[in-house]
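As a plain string of letters, each chain reads:
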Amino acid sequence: MTEHDEHPKAQREQAHGEAGGIQPRQAAGGHPRQPVQDNGAKVSTDVTPAGPAEAAIPELVIISGMSGAGRSTAAKCLEDLGWFVVDNLPPALIPTMVELGARSQGNVARIAVVVDVRGRRFFDNLRESLADLEAKHVTRRIVFLESSDDALVRRFESVRRPHPLQGDGRIVDGIAAERELLRELRGDADLVIDTSSLNVHELRAKMDAQFAGEEEPELRATVMSFGFKYGLPVDADLVADMRFLPNPHWVPELRPYTGLNEEVAAYVFNQPGAKEFLDRYAELLRLVAAGYRREGKRYVTIAIGCTGGKHRSVAMSEKLAARLVAEGVETVVVHRDMGRE
């Protein structure tokens with residue numbers, strides 16, 4: 001990420017057609033007023049006045065995460081996809097925003113709200129708002145933008161701005177305070193995107209991949225190969241270790257190639273336990289996917305690791321992704337560390 005999102009431009013727009021959700025005015029007795037002729041006589045009618053159409057509750061996405069991790073880029077991407085975006089909305093006003101959207105007669109069908117630590121009493125109000133939304137059966141998704149401390153420090157230093165929470169301390173102090181403040185929200189997030197090594201265009205591509213479809217799939221999966229020597233992916237929901245298989249790196253004729261090579265893949269899956277692992281892990285993912293759907297979780301990142309992220313994890317990720325696609329799960333494959341050696 002090269003774009004700093006400390007003070008993204010606020011986007012404000014008034015919901016239209018609020019009158020569509022107003023109930024008919026009633027008399028003191030609780031019954032609708034009868035029509036009256038010019039002479040004051042009541043007009044009898046057998047027609048019951050039609051009530052207002054049931055308001056459609058809009059989709060809601062809450063965008064949050066670390067300052068400098070790309071919140072404004074993610075919000076701008078959703079705006080370009082036709083979402084109604086509100087930046088830095090106080091959490092207490094989120095239910096009100098959803099109600100206005102429901103009364104807009106379909107003009108505001110999808111709402112994205114950027115929530116961050118610039119609003120004080122952040123968690124107290126946000127927890128209350130999320131509980132209110134749940135009580136009203138509003139479907140909401142949380143997108144959390146994550147990034148490493150090193151990447152965040154570089155971004156703040158490049159624009160020569162302080163971290164909003166650093167006070168009289170250093171940038172790293174502000175980052176640590178914010179990470180602790182956001183810990184609970186990150187745990188509740190439906191989608192975590194690590195932007196440490198992403199530029200603006202790559203982040204937009206990830207958002208497009210998740211939200212550009214006209215119809216929301218039941219579950220989206222990202223299968224990511226990685227190398228343990230480069231660190232665990234911070235946005236992984238599930239992690240599997242392929243280091244129990246022999247390493248093709250020690251086979252001279254296979255060393256230059258990656259797990260995308262047919263000979264390397266054949267070598268990996270000819271090893272004892274490789275095919276059995278694939279079968280059993282795919283079965284486990286079917287169980288997990290069913291649970292995610294029941295809980296309303298629509299995104300899952302499955303990290304498959306080996307030593308360098310070049311051979312075993314790549315080959316296994318490709319096979320596992322093919323199994324998920326066959327199960328009807330929309331799947332993206334990412335090879336995080338392939339080519340780093």
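Everything numeric here is computed off the predicted structure, so don't read it as measured data. (Residues numbered from 1 in each chain as written. Predicted model: local features only at pLDDT ≥ 70, side-chain atom pairs only at ≥ 80, totals over all residues. Heavy atoms only, no water.)

A. Fine view of the sheet that holds strand β1 (residues 59–65). In space, the five strands of this open sheet follow the order β2-β3-β1-β4-β5, with parallel pairing throughout. Only two strands of the sheet have a single neighbouring strand rather than two, namely β2 (84–87) and β5 (191–194). Neighbour-to-neighbour, the strand axes of the sheet open up by a mean angle of 20 degrees, direction not taken into account. Examined bridge by bridge, β2 and strand β3 (residues 110–114) share four bridges and lie parallel to one another. The residue of β3 that forms the bridge with Asp87 is Val114. Across the sheet, helix α1 (residues 71–80) lies against β1, β2, β3 and β4 (140–146), angled at about 160 degrees from β1, the strand it touches most. Along the sheet face, helix α7 (residues 200–211) touches β1, β4 and β5 and points at about 160 degrees away from the line of β5. (Pairing = 2+ DSSP bridges. Helix = DSSP H or I, 4+ residues; strand = E, 2+ residues; numbered from the N terminus. Axes fitted to C-alpha atoms, helices over the stretch in contact; angles between N-to-C directions. Contact = heavy atoms within 4.5 Å.)

B. Examining the packing of aromatic side chains more closely. A full pass over the atoms with the stated rule returns five aromatic pairs. Geometrically, the ring pair formed by Phe277 and Tyr281 is stacked, given 5.2 Å between the ring centres and 15 degrees between the ring planes. A residue pair is termed a helical-turn pair when its members lie 3 or 4 positions apart in one helix, as Phe277 and Tyr281 do in helix α9 (residues 274–294) at four residues. On the basis of relative accessibility, which here comes to 10%, the residue Tyr281 falls in the buried class. Linked through ring pairs, Trp83, Phe211 and Tyr299 together constitute an aromatic cluster. (Phe/Tyr/Trp six-rings, centres within 6.5 Å; stacked < 30°, edge-to-face > 60°. Buried < 20%, exposed > 50% of the residue type's maximum accessible area, 1.4 Å probe, protein only.)

C. Spotlight on the pattern of salt bridges. On inspection of all chains with the given rule, the structure shows 23 salt bridges. Asp80 is the salt-bridge partner of Arg204, the closest N and O atoms lying 2.6 Å from each other. In this pair, Arg204 is assigned in helix α7 and Asp80 in helix α1, connecting sequence segments 124 residues apart. With a relative accessible area of 46%, Asp80 lands in the partly exposed category. Where Glu99 meets Lys136, a salt bridge forms, and the shortest distance between an N and an O atom there is 2.6 Å. Here the residue Glu99 occupies a position in helix α2 (residues 94–102), and Lys136 occupies one in the loop between α3 (122–135) and β4, the gap between them amounting to 37 residues. Overall, Glu99 belongs to the partly exposed group, its relative accessible area being 37%. (Salt bridge = Lys/Arg side-chain N within 4 Å of Asp/Glu carboxyl O.)

D. Expanded view of the pairing of strand β8 (residues 299–306). With eight of eight residues buried, β8 is to be regarded as a mostly interior element. Neither face of β8 is open: one carries Tyr299, Thr301, Ala303 and Gly305, the other Val300, Ile302, Ile304 and Cys306, and all of them are buried. Judged from the eight bridges that link them, strand β6 (residues 220–227) and β8 form a sheet pairing that is parallel. Looking at the pairing, Ser225 lines up with Ile304 of β8. Bridging between strand β7 (residues 238–241) and β8 involves four bridges; their strand directions are parallel.

E. Region of interest: the side chain of Ser104. Within the fold, Ser104 resides in the loop between α2 and β3. Classification of Ser104 by relative accessible area gives buried; the value is 0%. At 2.9 Å, the side chain of Ser104 forms a polar contact with the backbone nitrogen of Val108. (Polar contact = N/O pair within 3.5 Å; in protein donor to acceptor, adjacent residues only side chain to side chain.)

F. Inspection of empty space enclosed by the protein at higher detail. Under the criterion given, the structure shown has one cavity of 30 Å³ or more. Taken as a whole, the largest cavity holds about 30 Å³ of empty space. Lining the largest cavity are Ala209, Gln210, Arg220, Ala221, Thr222, Glu330 and Val332. Only α7, β6 and β9 (330–335) provide two or more residues apiece to the lining of the largest cavity. Ranked by residue count, the leading element in the lining of the largest cavity is β6, at three residues. Partitioned by chemical class, the residues of the lining of the largest cavity number three nonpolar, two polar and two charged. (1 Å grid on protein atoms, 1.4 Å probe; cavity = no way out; pocket = protein on both sides within 12 Å on 5 of 7 lines; lining within 4 Å. Points joined across faces, edges and corners; volume = space filled by probe spheres on them. Nonpolar A, V, L, I, M, F, W, Y, C, P; charged D, E, K, R; others polar.)

G. Main features of the sheet that holds β6. An order of β7-β8-β6-β9 is seen for the four strands of this open sheet, with the pairing classed as parallel. Where the open sheet ends on each side, the last strands, each with one partner, are β7 and β9. For this sheet, the mean inter-axis angle between neighbouring strands, taken without regard to orientation, is 20 degrees. Contacting β6, β8 and β9, α7 crosses the sheet at an angle of about 145 degrees to β6.

H. Examining the nonpolar core more closely. Judged by nonpolar contacts, the single largest core of 49 residues is most densely connected at Ile63, Leu78, Ile94, Met207 and Phe211. In this structure Ile63 touches Arg71, Ala74, Ala75, Leu78, Ala112, Val113, Val114, Val115, Val143 and Leu145, once residues within four positions along its chain are discounted. Grouped together as the second largest cluster of nonpolar side chains are 29 residues, Val268, Phe269, Ala274 and Ile304 included. (Core = buried A, V, L, I, M, F, W, Y, C linked by side-chain atoms within 4.5 Å.)

I. Region of interest: the layout of surface pockets. In this structure, the largest pocket spans a volume of roughly 630 Å³. Lining the largest pocket are 32 residues, with Asp194, Ser197, Met224, Asp235 and Arg336 sitting closest to its centre. Elements represented by at least two residues in the lining of the largest pocket include exactly α4 (149–159), β5, α7, β6, β8 and β9. Top contributing element to the lining of the largest pocket by residue count: β5, with four residues. Each residue belonging to the lining of the largest pocket can be placed in one class, and the counts come to 15 nonpolar, eight polar and nine charged.

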